[in-house]
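# Understanding the architecture of this molecule
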Amino acid sequence: MSGEIVLQGRNLTKHFIAARGGRWGRRPPVRAVEEVSLALRAGRVSALVGESGCGKSTVARLLAQVYPATSGEVLLRGEAVRAHRGAAFRDYRRQVQLIFQDPFASLNPFHRVRYHLARPLRVHGHARSDAHERELVAELLERVSLTPVEQFMDKLPHELSGGQRQRVAIARALAVRPIALIADEPVSMLDVSIRLGVLRLLEKLADESGMALLYITHDIAGARYFAEDITVMYAGRLIESGPSEALTQSPRHPYTRLLVESAPDPDRVTPREAKRHGEPPSLVDPPGGCRFHPRCPVALPACSTRVPGRTELGDGRWTHCWQAEREAGGAVPAGGTTAQ
Ligand SMILES: Nc1ncnc2c1ncn2[C@@H]1O[C@H](COP(=O)(O)OP(=O)(O)OP(=O)(O)O)[C@@H](O)[C@H]1O
Ligand SMILES: [Mg+2]
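What you see is a predicted model; the values in this text were computed from it and never measured. (Residues numbered from 1 in each chain as written. Chains lettered and ligands numbered in written order. Predicted model: local features only at pLDDT ≥ 70, side-chain atom pairs only at ≥ 80, totals over all residues. Heavy atoms only, no water.)

Turning our attention to the nonpolar core. Leu141, Ile170 and Leu202 are the most contacted members of the largest nonpolar core, which totals 58 residues. Excluding its chain neighbours within four sequence positions, the residues that come into contact with Ile170 are Ile99, Val144, Val198, Leu201, Leu202 and Leu205. In this structure, Leu40, Ala42, Ala180 and Ala212 belong to the second largest nonpolar core, which totals 32 residues. (Core = buried A, V, L, I, M, F, W, Y, C linked by side-chain atoms within 4.5 Å. Buried < 20%, exposed > 50% of the residue type's maximum accessible area, 1.4 Å probe, protein only. Contact = heavy atoms within 4.5 Å.)

Rendered as structure tokens:
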């Protein structure tokens, strides 16, 4: 099932500006996210993939309205929203939920499972009475397969395994009945043996409830099995997107190719290979043009000076790459002066 667009980012840009200038005056901004546009659809799992520091969590927080964008907008069901505090933020949070990497940090160690699930039910007015609240808590635990539910209700976070804690965090997100769920590396802190179970659960929940799900990960191989479509990000910019199978079978952007080649375990890349592949660039002073050009084996002169626009590749695929633009018959500028 994959339906209407429920949550959308349009040209989202985030520059982090230091609150106070350091000893040497005003510090330059961190250009963490530039012109990111993506759309999440009802009942569909989409993945956002990229290496550490490329801006994935920043995109998640922009979409969740944790902080405002420097420019660009977030649209919920087609309506532009700016809801960073107060009642507007609470209302937004009822519709768009975030799940983080570390379930231990996101659960209060002094409160039992029952409290973690009952609180959002109460805050958002879903529970009519104490008995109804208990019923809803039990239902949530069942949905995330923490059964028998009586056994889990009164446990404290430290009495649960990592996987069970993440299931509680997922149940808590579901309690408010969101229309979009953003899961930021939800399994990367869990033991490999239980990751698949948690991902399957998320997939099942998205399918059952018609919720849009954004799965954020650095693991493109996992994303391929889990998500219907993948968007790849590099150094703050989106570089390629398309249906998972096609994108991983025949990546068009040289960086996606590199990611696919070093999968399934990008962490296994040896130091020499890492050197050959190069390091991600600074986001304070990012390379001009395509930010990947210093690492790109097929860079053209234009790549160091001009940011490539979007080249449509058909079948829902697109990329930002001058090589792809040339292959598609488009005009590629000669190079010349740097334009950010
Ligand atoms: N509040 C902040 N203030 C200043 N810089 C920030 C802030 N948050 C993030 N950054 C910077 O923005 C860039 C993107 O960070 P982000 O956390 O979005 O990356 P990520 O892709 O989620 O990385 P990881 O895979 O390690 O979680 C990084 O260079 C980071 O240092
Ligand atoms: Mg992150």
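This is not the end of the story, as more comes after the structure.
Strand order in this open sheet of eight strands is E6-E7-E8-E3-E9-E10-E12-E11, and the pairing throughout is mixed. With one partner strand each, in any of the chains shown, strand E6 (96-99) and strand E11 (311-314) form the two edges of the open sheet. When strand polarity is set aside, the average angle formed by the axes of neighbouring strands in this sheet is 20 degrees. In this structure, E11 lies alongside strand E12 (residues 317-319), joined through three bridges in antiparallel fashion. The partner of Thr311 across the bridge, within E12, is Thr319. Against the sheet, helix H8 (residues 192-209) touches strand E3 (45-49), E6, strand E7 (180-184) and strand E8 (212-217), its axis set at about 155 degrees to E8. Of the strands in this sheet, E3, strand E9 (229-234) and strand E10 (237-243) are in contact with helix H11 (residues 254-262), which crosses E9 at around 110 degrees. (Pairing = 2+ DSSP bridges. Helix = DSSP H or I, 4+ residues; strand = E, 2+ residues; numbered from the N terminus. Axes fitted to C-alpha atoms, helices over the stretch in contact; angles between N-to-C directions.)

Evaluated as defined, the whole model comprises 15 salt bridges. For Glu245, the salt bridge goes to Arg224, with nearest N and O atoms at 2.9 Å. On the criterion of sequence distance, the pair formed by Glu245 in helix H10 (residues 244-249) and Arg224 in helix H9 (residues 220-226) is long-range, its members being 21 residues apart. Overall, the relative accessible area of 43% leaves Glu245 in the partly exposed class. (Salt bridge = Lys/Arg side-chain N within 4 Å of Asp/Glu carboxyl O.)

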